[in-house]
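# Structure at a glance
Take a look at the letters that make up each chain.
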Amino acid sequence: MDSANSSCPSTPRWNVERPFLTGRFHQESKAMSRFAEAKGLSMESFSGVDKAIGCFDAAVQELIVIDDLLSAMVAIEGRYISIKRVRGKEDSVTFLVDPSMDLALQELAKKIFPLCESFLMISQFVESRSQFKNGLVNHAFAAALRALLLDYQAMVAQLEHQFQLGRLSIQGLWFYCQPMMGSMLALSIVIQRASANNFSGSAVLNLLQSQAKAMAGDNAVRLLLEKMVQCASNAYLGILERWVYEGVIDDPYGEFFIVENKSLQKESLTQDYDAKYWRQRYSLKDGIPSFLANIAGTILTTGKYLNVMRECGHTVQVPVSENSKLMTFGSNHHYLECIKAAYDFASSELLNLIKEKYDLVGKLRSIKHYLLLDQLDDISVEKLQSLLDLALRTTAAAADPCHEDLTCCVERSSLLKGLGALKDVETIRNISDVSNLEEPLNVTGLETFSLSYKVQWPLSIVISRKALRKYQLIFRFLFHCKHVDRQLCGAWQVHQGVRALNMRGTAISRSSLLCRSMLKFINSLLHYLTFEVLEPNWHIMHNRLQSAKSIDEVIQHHDFFLDKCLRECLLLLPDLLKKMERLKSLCLQYAAATQWLVSSSIDIPKLDESSHGSLGNSRSPSRALKLSTRNAAVTDSILKFEREFNAELQSLGPILSSSSQAEPYLTHLAQWILGAGKDQ
């Protein structure tokens, strides 16, 4: 509000310094009359009075009092009724009478004084709240009060006319004031609270509504207050109408309950991990009108959707008819129906724009192909490591219209550290122990290799930096599993190359069994990740996106898909993830040692000579001893790999069993992986 006030036009000083223009002249100090001074009366002023009113008989006093009361009712001092400022309260005044006045007349006059005080208070409020800085709601409320005061002054003029015709007694004056008394007093209560708290905007509307409900027993007063709410809310509803029909905040005085953070730009969605733009560019603030409280979220979302389309250069405006105007609201709740219709229109238009023009599903499918390794078999690892662009152009990925948006990158930390960097509240709860996991001493290039994706506005609303980060974490885990699988396949081919030699009962045959067990383990893991997690969850998300009614539902379904995949891919289960990393590490160590293990188990230089003579005849005793020693070392190495692999695999069983109670999907993983150890 302060920023709004600083740009408001100021009220001319002469409008304040000349009291007869503002109605404040009655608060100016008056010189005590000679009569009051001589008699020592407790009056500050009885202007132009030579005699006390008590000097006259009762009939004359009544005429004088009626004349003074008619003046007091429009905040003008009379001869024997004065207006005095209350000490310590600048904006409060009280009406005083000559103490010598007839007691019966005094009592009747004092009954009318609250009406006079209410008029004076309302007049001051209208004057002060008409200034620019007080906002549109106060301006509208002041205008409605000004119209009411005109009716009130017309009533006073009619009473004065009757008085001049000699047809008005003080009892008649009291009688005719009754209809306005309750209304003016109720408004004065509202004004007092509004002035004391310096209310503006929705606070004024809420105050008027609460006071109208409190006056439910007085139908006339309640109707008047409801009319005031209607008048004061017109300007507010005008702001609301532009927001839900055009997506524009036209709020010069900061009264609207939706605030815009202009420092957040749409470009930040591809860089800001927390995706603040969508949540904080437009947000709700305190002070929502009570009649809009239940639909405030819908109002916020409607304008946000319209803004996205405008940012895309897509000019759209909700169709507006006379029946859909928001300039009034009432018990029929027609305004709620208008807002709901505007929301439905904006939601469907944005959803169609993102689905049809920007092909959201196609973009997500492209990301799935690459970052979830849906087409990795079509792309060679060597080409991915050297030139990703060349790989994409020379494979089936070239048919993907979005393949040019794919880029490669090298992360600076291991997968475990990347998981620890996730900032989701739910994720942090699940991986709070990730930071305690052992960080690999040597992180290879393959472990840090990752893919990234260029996402343009407005698809970045759905595929934010946070969403891409989750895709990359799943990709790195899958990619490393694929790498382990390839290395083990290479080791298996080495074993197959020596099948022609009769190695049954030797270390080579044992190594071959171990290689097969490792392959079954990694293939079971990949099968689980691909066919038990990614594919089913993708199809569920795809179907939900087809039936989504708004972009927020699309975001919700997409985020749920990613979080579910992270969890079911074991990335949010530290104990299991640690076991899997250890098993993969053993597989890689074994695959790297396979060539040495196999070549050391046979006499390689004599293999070519085996066709000309037996192996035993060609070996000298020293060479045979050397080969025997080497075979013993090979056997020990294979047995060590076998023991460590089997121990890790067996220790995985209890963890899967205990975790599957809380995470039922782990039952499928246990069925696939634990079967790998049964072949040994």
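The following refers to the structure shown. (Residues numbered from 1 in each chain as written. Predicted model: local features only at pLDDT ≥ 70, side-chain atom pairs only at ≥ 80, totals over all residues. Heavy atoms only, no water.)

## Focus on the overall build of the protein chain
Looking only at helices and strands, the protein chain features 25 helices and 6 strands. Evaluated residue by residue, the protein chain yields a buried proportion of 47% over its 680 residues. Of the contacts made within the protein chain by residues no fewer than 6 positions apart, 74% connect residues no fewer than 24 positions apart. In the structure as shown, the protein chain presents an accessible area of about 33200 Å², 52% of it carried by carbon and sulfur atoms. (Helix = DSSP H or I, 4+ residues; strand = E, 2+ residues; numbered from the N terminus. Buried < 20%, exposed > 50% of the residue type's maximum accessible area, 1.4 Å probe, protein only. Contact = heavy atoms within 4.5 Å. Areas by Shrake-Rupley, 256 points an atom, 1.4 Å probe, with all protein chains shown as cover.)

## Some words on helix 8 (residues 202-214)
With 13 residues, helix 8 ought to run about 18 Å at 1.5 Å a step, and its terminal C-alpha atoms sit 18 Å apart, in line with that. Within helix 8 the residues assigned to the buried category are Ser202, Val204, Leu205, Leu207, Leu208, Gln209, Gln211 and Ala212. The secondary structure elements touched by the buried residues of helix 8 are helix 6 (135-164), helix 7 (170-197) and helix 9 (219-246). (Expected span 1.5 Å × (residues − 1).)

## Quick notes on the nonpolar core
Of all hydrophobic cores here, the largest spans 181 residues; its most connected members are Met73, Leu292, Ile299, Phe521, Leu525 and Leu571. Per-element accounting of this core gives the leading share, 16 residues, to helix 20 (residues 507-547). Not counting residues up to four positions away in its chain, the partners in contact with methionine 73 are Ile112, Leu115, Cys116, Phe119, Tyr152, Met155, Val156, Leu159, Leu173 and Cys177. (Core = buried A, V, L, I, M, F, W, Y, C linked by side-chain atoms within 4.5 Å.)

## Quick notes on the packing of aromatic side chains
Across all of its chains, the model carries 13 aromatic pairs by this definition. By the ring-pair criterion, three or more aromatic residues cluster together here, those being Tyr236, Phe256 and Phe257. (Phe/Tyr/Trp six-rings, centres within 6.5 Å; stacked < 30°, edge-to-face > 60°.)

## Digging into the packing of helix 20 against helix 25 (residues 666-673)
At a minimum axis distance of 9 Å, the contact between helix 20 and helix 25 shows a crossing angle of 150 degrees. By the angle between their directions, the pair helix 20 and helix 25 is classed as roughly antiparallel. With respect to the hand of their crossing, helix 20 and helix 25 are arranged in right-handed fashion. Every residue of helix 25 that contacts helix 20 at Phe521, Ser524, Leu525, His527, Tyr528 and Glu532 is listed here: Leu666, His668, Leu669, Trp672 and Ile673. Residue composition of the contact of helix 20 with helix 25, by class: 7 nonpolar, 3 polar and 1 charged. (Axes fitted to C-alpha atoms, helices over the stretch in contact; angles between N-to-C directions. Parallel < 35°, antiparallel > 145°, perpendicular 65-115°, else oblique. Left-handed = near helix turned anticlockwise from the far one by under 90°. Nonpolar A, V, L, I, M, F, W, Y, C, P; charged D, E, K, R; others polar.)

## Observations concerning the pattern of salt bridges
Counted by the stated rule, this structure contains 14 salt bridges. Note that aspartate 563 and lysine 470 form a salt bridge whose closest N and O atoms lie 2.6 Å from each other. In this pair, aspartate 563 is assigned in helix 21 (residues 551-568) and lysine 470 in helix 19 (residues 465-497), connecting sequence segments 93 residues apart. Exposure class is identical for aspartate 563 and lysine 470. Each is buried. Across the pair arginine 582 and glutamate 644 runs a salt bridge, and its minimum N-O distance is 3.4 Å. Taken together, the positions of arginine 582 in helix 22 (residues 574-601) and glutamate 644 in helix 24 (residues 621-662) put the pair 62 residues apart, joining distant regions of the chain. (Salt bridge = Lys/Arg side-chain N within 4 Å of Asp/Glu carboxyl O.)

## A short note on unusual backbone geometry
In this structure, proline 458 follows tryptophan 457 across a cis peptide bond, with omega equal to 5 degrees. Position of proline 458 among the secondary structure elements: in the loop between strand 6 (449-453) and helix 19. With a phi close to 75 degrees, leucine 570 is a non-glycine residue in the positive phi region.

## Quick notes on the side chain of serine 550
Locating serine 550 in the fold gives a position in the loop between helix 20 and helix 21. With relative accessibility at 2%, the residue serine 550 sits in the buried group. Once residues lying within four places of it in the same chain are set aside, the contact partners of serine 550 are Tyr305, Tyr343, Ser347 and Leu351.

## Quick notes on the packing of helix 4 (residues 58-72) against helix 5 (residues 103-129)
Viewed as axis vectors pointing N to C, helix 4 and helix 5 meet at an angle of 5 degrees, and their least axial separation amounts to 11 Å. Classed by the angle they form, the pair helix 4 and helix 5 counts as roughly parallel. Contacts between helix 4 and helix 5 involve Ala58, Gln61, Glu62, Val65, Leu69 and Ala72 on the former and, on the latter, Leu105, Ala109, Ile112, Phe113 and Cys116. For the contact of helix 4 with helix 5, a count of residues per class yields 9 nonpolar, 1 polar and 1 charged.

## Regarding the side chain of glutamine 106
Along the polypeptide, glutamine 106 turns up in helix 5. Its relative accessible area of 8% is what places glutamine 106 among the buried residues. Beyond its immediate sequence surroundings of up to four residues, glutamine 106 is in contact with Val97, Asp98, Pro99 and Met101.

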